[in-house]
Amino acid sequence: MNNQKQQKPTLTGQRFKTRKRDEKERFDPTQFQESIVQGLNQTGSDLEAVAKFLDASGAKLDYRRYAETLFDILVAGGMLAPGGTLSDDMTRTEYCLFTASEDLETMQAYAQVFNKLIRRYKYLEKGFEEEIKKLLLFLKGFTESERNKLAMLTGILLANGNISASILSSLFNENLVKEGVSAAFAVKLFKSWINEKDINSVAASLRKVGMDNRLMELFPANKRSCEHFSKYFTDAGLKELSDFARNQQSIGARKELQKELQELMSRGETLKDIIAYVREEMKKTSISEQTMIGIVWTSVMSSVEWNKKEELVTEQAIKLLKQYSPLLKAFTSQGLSELTLLLKIQEYCYDNIHFMKAFQKIVVLLYKADVLSEEVILKWYTEGHMAKGKSVFLEQMKKFVEWLKNAEEESESEEEEAD
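All values reported here derive from a predicted model rather than from experimental measurement.

Undergrad: Which residues make up the pattern of salt bridges, and what values go with them?
TA: Side-chain pairs of opposite charge can arise where the charged atoms are in close proximity. By the definition in use, this model includes 17 salt bridges. A salt bridge links Glu 48 to Lys 116; its shortest N-O distance comes to 3.5 Å. Of the two residues, Glu 48 sits in helix 2 (residues 47-57) while Lys 116 sits in helix 4 (residues 104-120), which places them 68 residues apart along the sequence. By relative accessible area, Lys 116 is classed as partly exposed at 33%. Close ionic contact of Glu 269 with Arg 267 constitutes a salt bridge, the shortest N to O distance being 3.4 Å. Glu 269 sits in the partly exposed class, given a relative accessible area of 30%. Within the structure, one salt-bridge network assembled from shared partners comprises Glu 68, Asp 72, Glu 131 and Lys 134.

Here it is in structure tokens:
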């Protein structure tokens, strides 16, 4: 018997079968493009038929893999090379957004095509948003008419919630801004967006993605002023947008002012210096006394860490407001400013539950410090209050108001006797 181990035979040139999931399919959009182009050529300018064709084709064609190709064709008629030019070596169609009529009605019809397609194939949502971002970066590669159509379509899509306002970040591209392309595009875009909805809806969408304070970036740094922005968009028939931007800038300035005020307080600057600083800022920014007293109140109340216990917080608030009552007095020279302050106090005590029982004590303190007058307190009590915590605060103030009325009546009778 041969004890030597028998050598196992080896196979040469053996081919192992690759499992399908391990295969990496080569990206080749040619066949996909031909199928889409052929379908669009057959449906022509009938957008109802286009929508039906795209709906049916999703079951046969790989939309997930070739989303960018699909959107390129629907917008420009063929695949776009970097920069926005059409690829020469590929089939194209004449039936696309860029060859359509340049009017709002046609753009609304195209928006419906995209809307139906994305509702049917939800996975295209992200790819579509990426496509719009890319197209905005390619604006210089398109004709003026193509840009106008894309701007109108984008405005409609934003109004309908098909895409997020975050796509506008593409317009802040330095080259587009420098050559005035971004601002001109924005005019058409916002016109169609406001036409579909209104400025409040536009503002809400911009705030949601933090774009509300970035509109100035549509202009080069040397033209990035409220005056230039306002003139440009007002002249273009978008006064609502210029008013919104002006308001946003004003809000930004107020926030900065509040921050600076809190800084001055935390550094222990004298009230005289703080008052001088605030007066100077009022002159510079044209902020009214009514607006300023609101900022001052918020700054004072944000300058300390509040105790969480209700009974201690009132004591703490009285001590703080005694200290800062000269600052509040400096910016309540008008009755309207006093009422504004009183409403701010009401709102603050309502929004911060530990202060609910402190309202009356705060008002009485500021009355004694000559910040709030009896006329304004009585006006607030009878008709000037807001709904927030109304029943609680009116009940708290009842005895003090009665005392004020009696004091007023006594004063009047004394005057009559003197006469």
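Continuing now.
Undergrad: Describe the nonpolar core, with residues and values.
TA: Formed by 79 residues in total, the largest nonpolar core has its most connected members in Leu 168, Phe 190, Trp 193 and Leu 206. Tallying contributions element by element places helix 8 (residues 181-196) first for this core, with nine residues. Within the second largest apolar cluster, 55 residues are counted, among which are Trp 297, Trp 306, Val 313 and Trp 380.

Undergrad: Outline the environment of Ile 318, supporting the account with residue identities and numerical values.
TA: By the element assignment, Ile 318 lies in helix 14 (residues 310-330). On the basis of relative accessible area, Ile 318 is assigned to the buried category, the value being 18%. It is 48 Å that separates the C-alpha atoms of Ile 318 and Phe 233, two residues lying 85 residues apart in sequence. Setting aside its immediate chain neighbours within four residues, Ile 318 contacts Lys 361, Ile 362 and Leu 365.

Undergrad: Describe the layout of surface pockets, listing the residues and the values that go with them.
TA: Size it by volume and the largest pocket reaches roughly 240 Å³. Lining the largest pocket we find Cys 226, Glu 227, Arg 246, Gln 249, Ser 250, Ala 253, Arg 254, Thr 285, Ser 286, Ile 287, Ser 288 and Thr 291. Broken down by secondary-structure element, the contributors of at least two residues to the lining of the largest pocket are helix 10 (226-235) and helix 11 (239-266). Residue contributions to the lining of the largest pocket peak at five residues, all from helix 11. Counted by class, the lining of the largest pocket contains three nonpolar, six polar and three charged residues. Looking at the second largest pocket, its volume works out to about 150 Å³. Around the second largest pocket, the lining residues are Leu 158, Ala 159, Gly 161, Ile 163, Ser 164, Ala 165, Trp 193, Ser 201, Ser 205, Lys 208 and Val 209. Of all elements in the fold, only helix 6 (144-159) and helix 9 (199-208) reach the threshold of two or more residues within the lining of the second largest pocket. In terms of residues, the lining of the second largest pocket owes the most to one element, helix 9, which gives three residues.

Rules of the game
- Residues numbered from 1 in each chain as written.
- Predicted model: local features only at pLDDT ≥ 70, side-chain atom pairs only at ≥ 80, totals over all residues.
- Heavy atoms only, no water.
- Salt bridge = Lys/Arg side-chain N within 4 Å of Asp/Glu carboxyl O.
- Helix = DSSP H or I, 4+ residues; strand = E, 2+ residues; numbered from the N terminus.
- Buried < 20%, exposed > 50% of the residue type's maximum accessible area, 1.4 Å probe, protein only.
- Core = buried A, V, L, I, M, F, W, Y, C linked by side-chain atoms within 4.5 Å.
- Contact = heavy atoms within 4.5 Å.
- 1 Å grid on protein atoms, 1.4 Å probe; cavity = no way out; pocket = protein on both sides within 12 Å on 5 of 7 lines; lining within 4 Å.
- Points joined across faces, edges and corners; volume = space filled by probe spheres on them.
- Nonpolar A, V, L, I, M, F, W, Y, C, P; charged D, E, K, R; others polar.

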